[in-house]
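Each chain is listed here by its residues.
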Amino acid sequence: MKKKIFLSSGRNDSYQLGHNKQDGCYHEMEVIPTNLQIKKVECGRSHVIFQTNDNELYALGRNDHGQCGVVLGDHNELRNHTLPPIQQLTICLNEETNSPLTNVNDFSVGWFHTVALCNNFTKVMFTGSYISLLYKSAFINHSEMKLKENQLKFTKVSSGCHCFAVAIDDRYILFKPSESELNEFDVLTVTQNNSCLIKQLECTSSAFLFLTSDNSCYCLNGINLKKFENLKKEIVKITACGLSADISFKTIDGYNYYSSFNENVNYREKNEMFDVIPYYFCFQYYNRQERKIYGNRNSDGQLGVGLANGSDERPAIYVNELLKNNPNFNIETICSGCDFSVIVLEEQETREEKRMKDNLFLILLNNNRTLHVSDIFIC
């Protein structure tokens, strides 16, 4: 099992940092058990959801709208938005079975909600609320999200502030705005290309974008889908902050363009050495060549560059030192909340470990048999 280091920085009003330091710098989260194998993390307004290798969800942080999904039954505290925050990592629950939520294939996190794709991508489970649509404080089946007779599975999910979108068979998109009716879009009708499927789906605060297999980008414009052609370049990756309109695009030449999402805005540019991560009205930058993180507009300490605010880019000293002193660790995930963030560092294979794995694979391939313990010593 590869070691992971979980770091967080920012405000801690709802214990979402998993540590008690509020100096605007990254520190290790102290609430994650060492034996819990986590493969995905996402941040909401002030709560964090973790997915384990066993496909269960764990929650931490603000829970006044039931967004953590850890409390069974109906409660006055839920109706009054006074459910207390979750201070220790707690397993998410299924209201329908009165047991932990299992078989989670993917999930996304919004302002006051969490959405999960479950049961081999055939079911959409929801907890929390968006605007006045209040749900239970544990996960329930979202009754509007159903597969039709000719549809196989939900393939992608993404959340905005008070909205979320799911893809079906990488062809259809169901979009649920806060207090509006469910909208359905047929991507093939929009693209006029029967081989053009959804490669990536991202929500902003109130809309969504998607990238197709031919690297075309489309966005929701009012109630219609429209091709996004502002950059005049082929787009290979979208990174959106679902809690705001801030977004970045990586183009085929490796460059990053970022700003608040608007067709007419002039996008700022970073060269191919950078990854740009949008936050709630600010941005973080990772220089892959230097292995260093920088940030600006750090009003709540969420960028890990100290408590000073301003527009100048400054380094996230603690995490940069970790990367410098641990060359075998790389950044696996950077996820932004509203006023905090979480970074996951993952230990990489050494050359010797990779050589052993390659040798074991060749042994199995050449002998067409299963692995025996004696093979380890052959390597």
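Just so we're clear, the structure is a prediction, and the values are computed from it rather than from any experiment.

Some points on the sheet that holds strand E16 (residues 172–176)
- Read across the open sheet, the 4 strands follow the order E14-E15-E16-E17; overall the sheet is antiparallel. At either end of the open sheet lies a strand with only one pairing partner, and these are strand E14 (154–159) and strand E17 (183–186). In this sheet, neighbouring strand axes are inclined to one another by 20° on average, regardless of whether the strands run parallel or antiparallel.
- Pairing geometry for E14 and strand E15 (residues 164–168), over 5 bridges, is antiparallel. Residue pairing across strands places Ser158 opposite Ala165, the latter belonging to E15.

Details of the sheet that holds strand E27 (residues 283–287)
- With antiparallel pairing, the 4 strands of this open sheet are ordered in space as E26-E27-E28-E29. What marks the edges here is a single partner per strand, and that holds for strand E26 (274–278) and strand E29 (314–315).
- Relative to E29, strand E28 (residues 292–295) runs antiparallel, the two sharing 2 bridges. For Gly295, the partnering residue across the bridge sits in E29 and is Arg314.
- This element, helix H3 (residues 317–325), spans E27, E28 and E29 of the sheet and lies at about 170° to E28.

Considerations on the state of the cysteines
- This structure, assessed with the given rule, holds 0 disulfides.
- Here Cys217 is not cross-linked by a disulfide; its sulfur's nearest cysteine counterpart is in Cys219, at 6.5 Å.
- Note on Cys335: no disulfide assigned, nearest cysteine sulfur contributed by Cys43 at a separation of 3.7 Å.
- Accessibility expressed as a relative area gives 8% for Cys335, which makes it buried.

Details of the pattern of salt bridges
- Scanning the model with the defined rule gives 17 salt bridges in all.
- Note that Asp13 is salt-bridged to Arg11, the shortest N-O span being 2.6 Å.
- For Arg11, a relative accessible area of 33% gives the class partly exposed.
- When the shortest N-O distance is used, the salt bridge between Lys250 and Asp275 registers 3.4 Å. Here Lys250 is found in strand E23 (residues 246–251), whereas its partner Asp275 is found in strand E26, with 25 residues between them in sequence.
- Residue Lys250 is classed as buried on the basis of its relative accessible area, which comes to 16%.
- Connected through salt bridges with shared partners, the residues Arg11, Asp13 and Asp300 form a single ionic network.

Concerning unusual backbone geometry
- Its identity is not glycine, yet Gln192 carries a phi of approximately 60°, on the positive side.
- Following the sequence through the fold, Gln192 ends up in the loop between helix H2 (187–191) and strand E18 (198–203).
- Residue class for Gln192 comes out exposed when judged on its relative accessible area of 66%.
- Its identity is not glycine, yet Phe281 carries a phi of approximately 65°, on the positive side.
- Here Phe281 shows up in the loop between E26 and E27.

Section: H3
- Of all the residues in H3, the buried ones are Val319, Asn320, Leu322 and Leu323. All buried residues of H3 lie within an arc of 155° about the axis, which places them on one face of the element. Opposite the buried face of H3, by more than 90 degrees, sit the exposed residues Ile317, Lys324 and Asn325.
- Where the residues of H3 are buried, they touch strand E1 (4–10), E27, E28, E29, strand E30 (329–336) and strand E31 (340–347).

Some remarks on the pairing of E28
- Direction of pairing for E27 relative to E28: antiparallel, over a ladder of 4 bridges. Residue pairing across strands places Gln284 opposite Gly295, the latter belonging to E28.
- Taking the residues between adjacent antiparallel strands as the criterion, E27 and E28 are bridged by 4 residues, where Arg291 takes a positive phi near 55°.

Some remarks on the layout of surface pockets
- Approximately 990 Å³ is the volume found for the largest pocket.
- Glu42, Glu202, Thr239, Ala240 and Ile334 are the residues nearest the centre of the largest pocket, which is lined by 40 residues in total.
- Broken down by element, the residue count for the lining of the largest pocket peaks at 6 residues, all from E30.
- Taken together, the residues that form the lining of the largest pocket break down as 19 nonpolar, 10 polar and 11 charged.

Focus on the side chain of Thr114
- Here Thr114 is to be found in strand E10 (residues 113–118).
- The exposure class of Thr114 is buried, given its relative accessible area of 0%.
- Within polar-contact distance, the side chain of Thr114 engages the side chain of His47 at 3.2 Å.
- At 2.8 Å, the side chain of Thr114 and the backbone oxygen of Gln67 are in polar contact.
- Sequence-distant contacts of Thr114, that is, excluding residues within four places in its chain, are made with His47, Ile49, Gln67, Phe107, Ser108, Val109, Met125, Phe126, Thr127 and Phe139.

Basis of the calculations
- Residues numbered from 1 in each chain as written.
- Predicted model: local features only at pLDDT ≥ 70, side-chain atom pairs only at ≥ 80, totals over all residues.
- Heavy atoms only, no water.
- Pairing = 2+ DSSP bridges.
- Helix = DSSP H or I, 4+ residues; strand = E, 2+ residues; numbered from the N terminus.
- Axes fitted to C-alpha atoms, helices over the stretch in contact; angles between N-to-C directions.
- Contact = heavy atoms within 4.5 Å.
- Disulfide = S-S within 2.5 Å.
- Buried < 20%, exposed > 50% of the residue type's maximum accessible area, 1.4 Å probe, protein only.
- Salt bridge = Lys/Arg side-chain N within 4 Å of Asp/Glu carboxyl O.
- Arc of directions from axis to C-beta.
- 1 Å grid on protein atoms, 1.4 Å probe; cavity = no way out; pocket = protein on both sides within 12 Å on 5 of 7 lines; lining within 4 Å.
- Points joined across faces, edges and corners; volume = space filled by probe spheres on them.
- Nonpolar A, V, L, I, M, F, W, Y, C, P; charged D, E, K, R; others polar.
- Polar contact = N/O pair within 3.5 Å; in protein donor to acceptor, adjacent residues only side chain to side chain.

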